[in-house]
Amino acid sequence: MPEWTWEYEGYDPGRERLREALCTLGNGCFATRGAAPEAAPGPAHYPGTYAAGCYDRLTSTVAGRQVSNEDLVNLPDWLPLRFRVRTPDTPDPAWVGPDDGSAVGYRQVLDMREGILRRSLCFEDASGRRLAVEQHRLVHMGDPHLAALWTRFTAQGWEGVLQIESALDGTVTNSGVERYRALDGQHLTQVHTGSADAGIVWLRCRTRTSDLGVAMAARTVVADDPGHAAPRLRADDRRATQVIEVPLARGAPVAVEKTVALHTSRDPAISDPLGASIERVRAAPGFAGLLASHRTAWEHLWRRTGLDVPGEAGRILRLHQFHLLQTLSPHTADLDTGVPARGLHGEAYRGHVFWDELFVLPFLNLHFPEVSRALLDYRHRRLPQACRAAARAGRKGAMFPWQSAGDGREESQRLHLNPRSGRWVPDLSALQHHVGSAVAYNVWQYCQASGDTQYLHTRGAEMLVQIARFWADRAALDASTGRYRIRGVVGPDEYHDAYPGASEPGLDDNAYTNVMAAWVLCRALDLTRSLPAPRRDELFERIGVADGEPGHWEEVSRRLTVPFHSGVISQFEGYEELSELDWQAYRDRYGDIRRLDRILEAEGDSVNHYKASKQADALMLGHLFSPGELGGLFRRLGYTMDDVTWHRTVDYYLRRTSHGSTLSGLVHGWVLARARRADAWRYFLEALTSDVADIQGGTTAEGVHLGAMAGTLDLVQRGLTGMETRDEALWFDPVPLPELSEFGFSINFRGHWGVGVRVRGGRLRVDVPPSREPPIRVILADRAVSVAPGQARWLDLPSGPPNGH
Ligand code: BGC
């Protein structure tokens, strides 16, 4: 397949929802699944349009309990465009579609370079008459409120009257995820439809609780023909429909253009969503004009990353980048939105924001720093809410929610459905307080990569200090050991959420949580010490830091507990007492045991009894920190972390992990690559194919896994190169991955665009654009060089022993 396209041949109803997710088009403001416009929604078709940050809360009753959920709202569907052809012998034919058995040709091509979904269809009726349909779709990357659909019909050797029905459909609900069916999904209310001049129809509605106004306007016209589609509207209709009838002559194509504008009451610089939508669609050029500006916008985006990886891996990475940029684009910089774990591509996890931004921002930092900053602002605006959550829990500082959406309150569900057993079981994932450390880590990384000290000293400092205060207060001194402990939490491996048979939820001294807490405390100390005294006093006064607190941060940062057993880091205190699982027996019995938690619960057992993890937990430390930095952190805590211990720890957990999250393959791939292990590629490949091969058993159809997508890009960019941007220099510590030995990308280095990095044949090349003053310092393990503006330098990579880990 060509490197810039993603192609699907034939119609496969069983895989259609997966294709819809993978062929989603978006622009950072909104996205629309790649559903067939001519097909009615049903088991094979789930059209969905989602706008960044547009949530609505509803209460439902499940298992006899009232539960309230905030969902990313499925907005009215702008796609519907169905067609049929009347001939003298079939005056009232059925509408044509992929499910009626008439398709003799069905091909779909996602063009990533241009951001277009192209469909080539051919239908044949009972009399052997063929109708060819070419369709191009875009969600405009330049004007983030526009989308368009161009459709060309050709009657192959016959003639008739083509009837086209184009609609905006307000009957949609949130019903894309089977597991959530018991929950109320009717988010749209007060649906009104109407028509305006120039062949425009419109639909406006509100969300039920968040009371957001949503409006769409559509203009459907026959290209090259001034006539417009006639609106067909009923006052009570939740659909705004237009109908076109046009003669279809033998072999003479007829093209129809549908242009749609979408506004919500969250948009700036509008009077009202409906007025803005009508005005926007009225002013929009025809499809050719829209296409030209859309292409240009995409060309600019691709230029800002320049990622170039040969072969199939490169093609998948391009797809990952495509979906990342459709979810989080430069338009995101103007929005109040976080990183939705499943993109704007479906309804899984209800569009919520988790710790996944930890895998997303490091990539964006080096290409779209303005987007990273906006995503941090999403957290900063919710800092007061996180401080209130901490206060309610009797703590200082900020406790960010495990799942966040509209206002930043904890959105994690309290019960979740195990589809295997049909039981609603308690969900304790909100105890994953480590999400706060992910926010702090991103603040630090963004500021290091971009050099944005102004952010670091203001909003960044507020977040970092409040998260550090939470950890310092959450950690309790154990007089018997003289160490601080953090008890009653859940780590990234969500399988373990309590000790076997315990009445209290949570685990004690999760190693990842504690080491991250120590790191956050260190950074808060570094930062506040580096601030000029008046600014530090001002910050402390503003957020209420008492005099003795920094001294306490220092103490906790040096004396937090990290448990060990059998010469490896213990995932949490007492891990070694859990039973060993008979992995082979479970594999033999169930085949796919990724969701071991569900299997065991359905058997009446619990994964809490076993040494079995869903995903990387302690090993996350090797993903986030270089060996030197991790060694330093452990040393400061009074422990030793050498290569031998680390390698033993990697082996230990690798054998006991079911990879029930797409993040697992990614982190293990990264950690193993850094350890120069031959099995790294296997895990990298697993992360690469998470969505394209839908390896988590059908979950991609409900939305892509944005953390894994962005994480694989970062694995090439930082994982394989060991690249760091600090102290005004570019640092490299590359590791070889024989299956991916050649690649390149370009980064924004502290405000300077187009700094090129390329690895080939055991050498590294750095290109500095002519405009960049002064020269860039490039530092490798064995030397430092300076690359002048307009110069490129090839550097031999050190061939000595690995640098640890
Ligand atoms: C993973 C979490 C992740 C969430 C959202 C879960 O399956 O275990 O680590 O944050 O999905 O992607």
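As the structure is a computational prediction, the values presented were derived from the model and not from experiment.

Enquirer: Explain the sheet that holds strand β27 (residues 743–749) to me, please; I cannot follow it from the model alone.
Expert: Adjacent strands of a sheet form backbone hydrogen bonds with each other and so pair up, either parallel or antiparallel. The four strands lie next to each other as β27-β28-β29-β32, forming an open sheet whose pairing is antiparallel. Lying at the two open borders of the sheet, with one neighbouring strand each, are β27 and β32 (792–796). Across this sheet, the average inter-strand angle for adjacent strands is 20 degrees, counted without regard to direction. Two elements, strand β28 (residues 752–760) and strand β29 (residues 763–767), share five bridges in a ladder whose sense is antiparallel. Paired with V759 across the bridge in β29 is L764.

Enquirer: Would you explain the UniProt feature "domain: Glycoside hydrolase family 65 central catalytic" (unreviewed entry) in the protein in this entry?
Expert: Residues annotated in UniProt with the feature "domain: Glycoside hydrolase family 65 central catalytic" (unreviewed entry) correspond here to residues 318–713. End C-alpha to end C-alpha, residues 318–713 measures 9 Å, and it is 49% helix and 5% strand.

Enquirer: Before we go on, may I ask you to explain unusual backbone geometry in this structure?
Expert: For residues other than glycine, phi is negative in most cases, and the peptide bonds are mostly trans. Positioned with a positive phi, D211 is a non-glycine residue whose angle comes to about 55 degrees. Checked against the element boundaries, D211 lands in the loop between β14 (200–207) and β15 (213–222). Despite not being glycine, E728 has its phi angle at roughly 60 degrees, a positive value. Mapped onto the secondary structure, E728 falls in the loop between β25 (724–726) and β26 (729–731).

Enquirer: Looking at this model, I keep getting lost on the domain arrangement of the protein. Mind explaining?
Expert: What the domain assignment lists for the protein is domain 1 (5–302) and domain 2 (305–719). Computed from C-alpha coordinates alone, the two centres of domain 1 and domain 2 are separated by 37 Å. At the junction of the two partners, domain 1 supplies 49 residues and domain 2 supplies 50 residues. Counting the surface domain 1 buries against domain 2, the share from its top three residues, W6, R179 and W302, is 17%. The partner of R57 in a salt bridge is E411, with the nearest N and O atoms 2.8 Å apart. Our count for the contact surface shared by domain 1 and domain 2 stands at 24 residue pairs in polar contact (both at pLDDT 80 or more). The leading source of residues in the side of domain 1 that touches domain 2 is strand β6 (residues 65–72), at five residues. Classifying every residue of the side of domain 1 that touches domain 2 by side-chain character gives 27 nonpolar, 14 polar and eight charged.

Enquirer: So what exactly am I meant to see when it comes to the site of the ligand here?
Expert: Taken together, A341, Y349, F354, W355, D356, W402, E494, K614, Q615, S661 and L663 are the residues near the ligand. The contact in question runs from an oxygen atom of the ligand to an N or O atom on the side chain of D356, over 2.6 Å. The separation between an oxygen atom of the ligand and a polar side-chain atom of K614 is 2.9 Å. Computed on the free molecule, the ligand has an accessible area of 310 Å², of which 93% lies beneath the protein chains in the complex. Each residue belonging to the shell around the ligand can be placed in one class, and the counts come to six nonpolar, two polar and three charged.

Enquirer: Please clarify how the layout of surface pockets should be interpreted in this entry.
Expert: Over the atoms, a rolled probe matching the size of one water molecule traces out where space is still vacant. Considered as a void within the structure, the second largest pocket measures approximately 810 Å³ in volume. Elements supplying a minimum of two residues to the lining of the second largest pocket: α5 (357–365), α8 (435–450), α11 (511–530), α16 (620–624), α17 (627–636), α19 (662–674), β25 and β30 (776–780). Looking at the lining of the second largest pocket residue by residue, the class counts come to 16 nonpolar, 11 polar and seven charged.

Thresholds applied
- Residues numbered from 1 in each chain as written.
- Predicted model: local features only at pLDDT ≥ 70, side-chain atom pairs only at ≥ 80, totals over all residues.
- Heavy atoms only, no water.
- Pairing = 2+ DSSP bridges.
- Helix = DSSP H or I, 4+ residues; strand = E, 2+ residues; numbered from the N terminus.
- Axes fitted to C-alpha atoms, helices over the stretch in contact; angles between N-to-C directions.
- UniProt positions renumbered as here; feature names shortened; annotations may be inferred.
- Domains from an automatic or database assignment.
- Contact = heavy atoms within 4.5 Å.
- Buried area = accessible area lost by both parts, 1.4 Å probe.
- Salt bridge = Lys/Arg side-chain N within 4 Å of Asp/Glu carboxyl O.
- Polar contact = N/O pair within 3.5 Å; in protein donor to acceptor, adjacent residues only side chain to side chain.
- Nonpolar A, V, L, I, M, F, W, Y, C, P; charged D, E, K, R; others polar.
- Near = heavy atom within 4 Å.
- Areas by Shrake-Rupley, 256 points an atom, 1.4 Å probe, with all protein chains shown as cover.
- 1 Å grid on protein atoms, 1.4 Å probe; cavity = no way out; pocket = protein on both sides within 12 Å on 5 of 7 lines; lining within 4 Å.
- Points joined across faces, edges and corners; volume = space filled by probe spheres on them.

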